[in-house]
Amino acid sequence: MIVIGGGLAGLSAGVALAESGWRVRLFEQRPFLGGRATSYVLPDGEHVDNCQHVTLGCCTNLEDFYRRIGSAGKIKFFDRLLFQDPQGRTGVMQAGFLPAPFHMTGSFATFAPLTFADKRSIARAMLDILRGKGHTADLDEPNSISMLEWLNRRRQTPAAIERFWRVVLVSALDEELDRTDARFGVDVFWKAFLSSRSGYVVGIPRVPLGELYEGCRAAIEQRGGEVVCRAAVRNLIQDDGRIAGVSMDGGRQHCADFYILAVPHEAAIKLLPERIADAEPQLRQIRNLEVSPITSVHFWFDRDVMAEPFVTLLDRTTQWIFNKSRLTEQPGDGRYLQSVISASYGLVERSRQEIIKLCLGELHEVLPEAREARLVKATVVKETAATFSPEPGADRWRPPQRTPVPNLFLAGDWTLTGWPATMEGAVRSGYLAAEAILLECGEPKRLLKPDLPPEGLARW
Ligand SMILES: Cc1cc2nc3c(=O)[nH]c(=O)nc-3n(C[C@H](O)[C@H](O)[C@H](O)COP(=O)(O)OP(=O)(O)OC[C@H]3O[C@@H](n4cnc5c(N)ncnc54)[C@H](O)[C@@H]3O)c2cc1C
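Residues numbered from 1 in each chain as written. Predicted model: local features only at pLDDT ≥ 70, side-chain atom pairs only at ≥ 80, totals over all residues. Heavy atoms only, no water.

(A) Summary view of the site of the ligand. Around the ligand, the structure places 34 residues, and the nearest of them are E28, R36, H53, D413 and M423. Within the contact set of the ligand, an oxygen atom lies 2.9 Å away from a backbone nitrogen or oxygen of V54. Between the ligand and M423 there is a distance of 2.8 Å, counted from an oxygen atom to a backbone nitrogen or oxygen. When the free accessible area of the ligand is taken as 1000 Å², the share hidden by the protein chains comes to 92%. When contributions to the shell around the ligand are tallied by element, the ones reaching two or more residues are α1 (8-19), β19 (375-388) and α15 (423-440). Looking at the shell around the ligand residue by residue, the class counts come to 19 nonpolar, ten polar and five charged. (Near = heavy atom within 4 Å. Polar contact = N/O pair within 3.5 Å; in protein donor to acceptor, adjacent residues only side chain to side chain. Areas by Shrake-Rupley, 256 points an atom, 1.4 Å probe, with all protein chains shown as cover. Helix = DSSP H or I, 4+ residues; strand = E, 2+ residues; numbered from the N terminus. Nonpolar A, V, L, I, M, F, W, Y, C, P; charged D, E, K, R; others polar.)

Have a look at this one:
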């Protein structure tokens, strides 16, 4: 078995197949594993994540994967979400004593950044999601509607859209509401906030992201396989309608019975043999997927400037501030902070200095201690193609994991998983690709974990 790509999709497929008795050879072009969800070391020895990654309680397959590779204990879960608006008003979202779907009612009722009229409109829309168990009739319209259209049809107030729906969904889906398929948006609220009490809890790694994958190499290599980094696959060799091997730099070739292509979709388009890609509409359409950007800004101060583990900002460019020193349990609580901006289209063309100035200004407004502190250094990471864009109808361009080529399978957050581009989506794709191969070999096995079951009154 050859797996191409050492991101979460390739790793989850590789580990699951190794555990099912297959000899897996995984090729990753970079020196480290984890793909987009990884970390690296700066020249001065500082470990930085490519960008802060968070998981949610409803990400059942990612949780299963972390458990398989011995990393479950490296994730810390938080059940209290803090929001702050420019007027200094704060709001907390936290489950109270009521059963699902009413567990957030108490914190919602006292959420200061929203007025009574905003809350009433939100409650109406939530009731709609609840009645349909995460689905509303207009999601089935032949021309998929955007999340903004869905909200407008439910007469949401401008503040409800800006300070509630947009805040949650732009971070979760990395896209603006008018460019997001309503199906994804509604699903987020059903799975994370309504169907169970624990779906919304935020999981954040205590270690740099790259350290989460240490168990993958062992899981694959202890079963006779190998994980090879700095190994870029340059070509898929095609013979008689099947994949006959892969070629690497220097002309080396490797072959296997099955191949999983687990690279980002732009890389997959380049690697798929032209004759196959052009002949198969399912593969040809991948190129219609659009991408959206995420920008993160890393700040190091000479002293502690933040006590909370993280905060969500309303009505600002910065969407989240993460207290990296505290989250990764480094000495000097609140010295290393990371600001994150999803769907950061407005920042793509701006210089790094401009972005630092803008985000530092916002940080000073929110954290008075930061005004007194000296900024030791700052860096900006712009990911212009962070995720595929979940635009209305995007699912029709996403291929399933099984391809028309009998021994070639696809994995990646962009393949058809029912989920948006997330770590959970990537792991689901890896498990689905592994399941498809096991089925093909007459060894069917269920790897995919079910969603959290609806709890309490949400069951009815
Ligand atoms: C800035 C940013 C922030 C994010 N925040 C979150 C978050 O908070 N929560 C969340 O759930 N998701 C988040 N995501 C999304 C998440 O990172 C991705 O959905 C997920 O990691 C994708 O995994 P993947 O395996 O599908 O792809 P990738 O991680 O892209 O892995 C593909 C791998 O293939 C390798 N590769 C490519 N070409 C070749 C080749 N020719 N030969 C060998 N190897 C090759 C690449 O080097 C890479 O390692 C974020 C993404 C970004 C960019």
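Having seen the model, we can carry on.
(B) How the structure looks around the packing of aromatic side chains. Inspection of the entire model under this criterion finds 17 aromatic pairs. Measuring from ring centre to ring centre gives 4.5 Å for W300 and Y336, while their planes differ by 10 degrees; the resulting arrangement is stacked. Separated by 36 residues along the polypeptide, W300 in strand β15 (residues 291-301) and Y336 in strand β18 (residues 336-342) bring together distant segments of the chain. The exposure class assigned to W300 is buried, which follows from its relative accessible area of 7%. Members of the aromatic cluster, each reached through a chain of ring pairs, are F108, W150, F164, W165, F189, F193 and Y200. (Phe/Tyr/Trp six-rings, centres within 6.5 Å; stacked < 30°, edge-to-face > 60°. Buried < 20%, exposed > 50% of the residue type's maximum accessible area, 1.4 Å probe, protein only.)

(C) Spotlight on empty space enclosed by the protein. As enumerated under the stated definition, the model contains two cavities of 30 Å³ or more in all. One number sums up the size of the largest cavity: a volume of about 60 Å³. What lines the largest cavity is H47, V48, D49, V207, P208, K324, T328, Q330 and Y336. A per-element tally of the lining of the largest cavity places strand β4 (residues 47-49) first, with three residues. Residues belonging to the lining of the largest cavity are distributed by class as follows: four nonpolar, three polar and two charged. Along its surface, the second largest cavity is lined by C58, K191, S195, D451 and L452. (1 Å grid on protein atoms, 1.4 Å probe; cavity = no way out; pocket = protein on both sides within 12 Å on 5 of 7 lines; lining within 4 Å. Points joined across faces, edges and corners; volume = space filled by probe spheres on them.)

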